[in-house]
Amino acid sequence: MAMDKWAAWVGGAPYTGAGEYFTVDEPATGHVLAEVSKLGPEDVDRAVRTARTQFESGVWQNQSATQRGKVLLRMAQLIRDEVETLSQLEARQVGKPIRDARDEVLTAADCFEFYAGAANKLHGDTIPVSQPGLDYTIRVPVGVVGLIVPWNFPFLITAWKVAPALAVGNSVVVKPASYAPLTALKLGPIAQAAGVPDGVLNIVTGPGGQTGEALASHHDVDKIAFTGETTTGSRILALAAARVARVSLELGGKSPTIVFPDVDVDMVARLAVASAYANGGQDCCARSRLLVHRDIAEAFTERFQGYVRQLKIGDPLDPTVDMGPLVSLAHRDRVRRYVESGVQEGARLVLAPEAYSVPTHGFYQAPAVFSEVSESMTIVQEEIFGPVSTIQVFDTEEEAIAKANATPYGLSGSVFSRDIGRALRVAHRVKSGVLSVNSIKSVHLEAPFGGFKMSGIGRELGLEALELYTEVKNIFVALD
Ligand code: NAD
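What counts, and where the lines are drawn
Residues numbered from 1 in each chain as written. Predicted model: local features only at pLDDT ≥ 70, side-chain atom pairs only at ≥ 80, totals over all residues. Heavy atoms only, no water. Domains from an automatic or database assignment. Contact = heavy atoms within 4.5 Å. Buried area = accessible area lost by both parts, 1.4 Å probe. Salt bridge = Lys/Arg side-chain N within 4 Å of Asp/Glu carboxyl O. Near = heavy atom within 4 Å. Polar contact = N/O pair within 3.5 Å; in protein donor to acceptor, adjacent residues only side chain to side chain. Areas by Shrake-Rupley, 256 points an atom, 1.4 Å probe, with all protein chains shown as cover. Helix = DSSP H or I, 4+ residues; strand = E, 2+ residues; numbered from the N terminus. Nonpolar A, V, L, I, M, F, W, Y, C, P; charged D, E, K, R; others polar. Pairing = 2+ DSSP bridges. Core = buried A, V, L, I, M, F, W, Y, C linked by side-chain atoms within 4.5 Å. Buried < 20%, exposed > 50% of the residue type's maximum accessible area, 1.4 Å probe, protein only. Expected span 1.5 Å × (residues − 1). Axes fitted to C-alpha atoms, helices over the stretch in contact; angles between N-to-C directions. Parallel < 35°, antiparallel > 145°, perpendicular 65-115°, else oblique. Left-handed = near helix turned anticlockwise from the far one by under 90°.

Comments concerning the domain arrangement of the protein
Point 1. Structurally, the protein comprises domain 1 (4-251 + 455-476) and domain 2 (256-444).
Point 2. Placing the centre of domain 1 and that of domain 2 at their C-alpha centroids yields a distance of 31 Å.
Point 3. Residue-level contacts link 26 residues of domain 1 with 30 residues of domain 2.
Point 4. Around 2200 Å² of area is buried between domain 1 and domain 2 when both sides are counted, 59% of it from carbon and sulfur atoms.
Point 5. Across the contact surface, domain 1 and domain 2 share one salt bridge.

Topic: the site of the ligand
Point 1. The ligand sits among 27 residues. The nearest are Val149, Trp151, Lys175, Thr232 and Glu383.
Point 2. A distance of 3.3 Å separates an oxygen atom of the ligand from a polar atom in the backbone of Gly228.
Point 3. Measuring from an oxygen atom of the ligand, one finds a backbone N or O atom of Glu229 at 2.9 Å.
Point 4. Relative to its free-state accessible area of 850 Å², the ligand is covered by the protein chains to the extent of 92%.
Point 5. Elements represented by at least two residues in the shell around the ligand include exactly helix 7 (208-216), strand 11 (223-227) and helix 8 (230-241).
Point 6. Within the shell around the ligand, the residues separate by chemical class into 14 nonpolar, seven polar and six charged.

Quick word on the sheet that holds strand 15 (residues 348-351)
Point 1. Pairing is mixed across the open sheet formed by seven strands, whose spatial order is 15-16-17-14-13-19-20. Two strands bound the open sheet, and with one partner strand each, they are strand 15 and strand 20 (436-437).
Point 2. As paired strands, strand 16 (residues 368-371) and strand 17 (residues 388-394) are joined by three bridges and run parallel to one another. Bridge assignment links Val369 to a residue of strand 17, and that residue is Ser389.

Concerning the nonpolar core
Soluble, globular proteins show a tendency: their nonpolar side chains are buried together.
Point 1. In this structure, Met75, Ile79, Phe112, Tyr115 and Leu166 are the most contacted members of the largest nonpolar core, which totals 65 residues.
Point 2. If one sorts the elements of this core by residue count, helix 5 (residues 154-167) sits on top with 10 residues.
Point 3. Taken together, domain 1 (4-251 + 455-476) and domain 2 (256-444) each give at least three residues to this core, which thus spans both.
Point 4. When neighbours within four sequence positions are excluded, Tyr115 is seen to be in contact with Leu72, Ala163, Pro164, Ala167, Leu445, Leu461, Gly462, Ala465 and Leu466.

Overview of helix 6 (residues 182-194)
Point 1. Between the first and last C-alpha of helix 6 there are 19 Å, a value that for 13 residues agrees with the 18 Å anticipated at 1.5 Å per step.
Point 2. Listing the buried residues of helix 6 in full gives Leu182, Thr183, Ala184, Leu185, Leu187, Gly188, Ile190, Ala191 and Ala194.
Point 3. Just downstream of helix 6, Gly195 is the residue with a positive phi angle, here 110°.

Looking at the sheet that holds strand 1 (residues 5-6)
Point 1. Read across the open sheet, the three strands follow the order 1-5-4; overall the sheet is mixed. Every other strand in the sheet has two partners, leaving strand 1 and strand 4 (21-26) as the edge strands with one partner each.
Point 2. Of the pairings in the sheet, the one linking strand 1 to strand 5 (residues 31-37) comprises two bridges and is parallel in character. Looking across to strand 5, one finds that Lys5 is bridged to Glu35.
Point 3. Sheet strands touched by helix 6: strand 1 and strand 5. Its angle to strand 5, the strand with the most contacts, is close to 40°.

Details of the packing of helix 5 against helix 6
Point 1. Put simply, helix 5 and helix 6 touch, their axes get as near as 8 Å, and they point 45° apart. Here helix 6 runs oblique to helix 5, going by the angle between their axes. Seen from above, helix 5 lies across helix 6 with right-handed handedness. Facing helix 5, whose interface residues are Pro154, Phe155, Thr158 and Val162, helix 6 presents Thr183, Ala184 and Leu187.
Point 2. Split by residue class, the contact of helix 5 with helix 6 holds five nonpolar, two polar and no charged.

See the structure below:
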């Protein structure tokens, strides 16, 4: 693959701004993979003005919802046509195993298909008001929407936002993460080829603190949909507050897997490893906190760490690899500091990263498993976003729920038990936006996804996402 220069995408064409670039490293090698346009506030302003002009022209929002759906369907097909190029690029830019990258790209195509079909299913209500007349609601696009995306599922989360925002007629400015902008940039030409009018989808690249801030604080952006760290989300809320811009936030997590003693311990241990270590633990839904009933704690810990040991770590382009490198050197060092803090705070390192041999080049970090942890420890409270998990023991249902809820986050979680009454009692009381019973699957394109507490505001995916990108307008017609 040529290590060429990549431009941003504004007004339906490559855009290089003042001609400055930043580099994107390849985590598996530590070498530069690409140089990408570094846009400043004036470039972001240009992208927003382009989006505004196209929004007000009606060139997209005034097309019928059915027609917009057909365009999105073509985008899905074009993504499928490019699945190999996109997956390779995704695997290389973030160090994601190639088979996971392929799944991600195909799910992004599914996402465009879902919103292609959903575009003409959004409708209003008629309301029996007291005055004589007809009262009804319609949903109108919010306008110009800034979509700010993280690096852990770069292409998929771009799709989660772009597909519903376009389905209902908005114009968008996408800001991909600076570690991983390459696959999102491919969406510009794909949208154009599918028939999205130029200037309706724009992609601005650069550092979060510069390019992202310029977008989040731009006076003419009506809404920001953000996915990323909780601290960044809080900053974005503050930036949007002055102009009362709409904000939806998908933020961090510290999700639990709760295991009762009546389960197949071996099967649950295997699933729990997948949910904690997939994507190297760089997953907002990673169930990095294992809460295990005392009666099976020893057996579970043994099986769990045994399956973690079996994870194959190596070159993300090798189709048999389970875990690649972490996204960056800085992030790897941050994860290492968390492992050290766990040891210093007195947790027992059941499985130490040193048990593995991992490639010495690139940003590899081997997994760690801690037991004998307490709620107050940093490794139990903070989102590590790496291959580190903690095992806590509980005795009663009440204690399991209390422990599950004892962090500032509330995104996801799993409960395992054959006693369905107990599983559902617990599921209803864990304070999280999504929860799986006897499963580790927490994201479904057709169902709402998002967090309680410091894990966010609003729900993406499902038909809920269409509401996220529209305003409700109430109309009253006097009949006398
Ligand atoms: P991040 O907050 O560092 O960056 C996210 C995006 O925001 C990037 O595009 C970045 O360039 C931009 N950004 C950074 N600072 C900004 C600022 N001041 N103003 C505007 N934009 C700014 O997050 P990340 O490290 O890319 O992603 C990891 C985080 O994302 C984790 O906390 C993870 O839990 C969270 N996440 C949440 C979900 C979810 O759906 N809840 C999904 C995936 C990831």
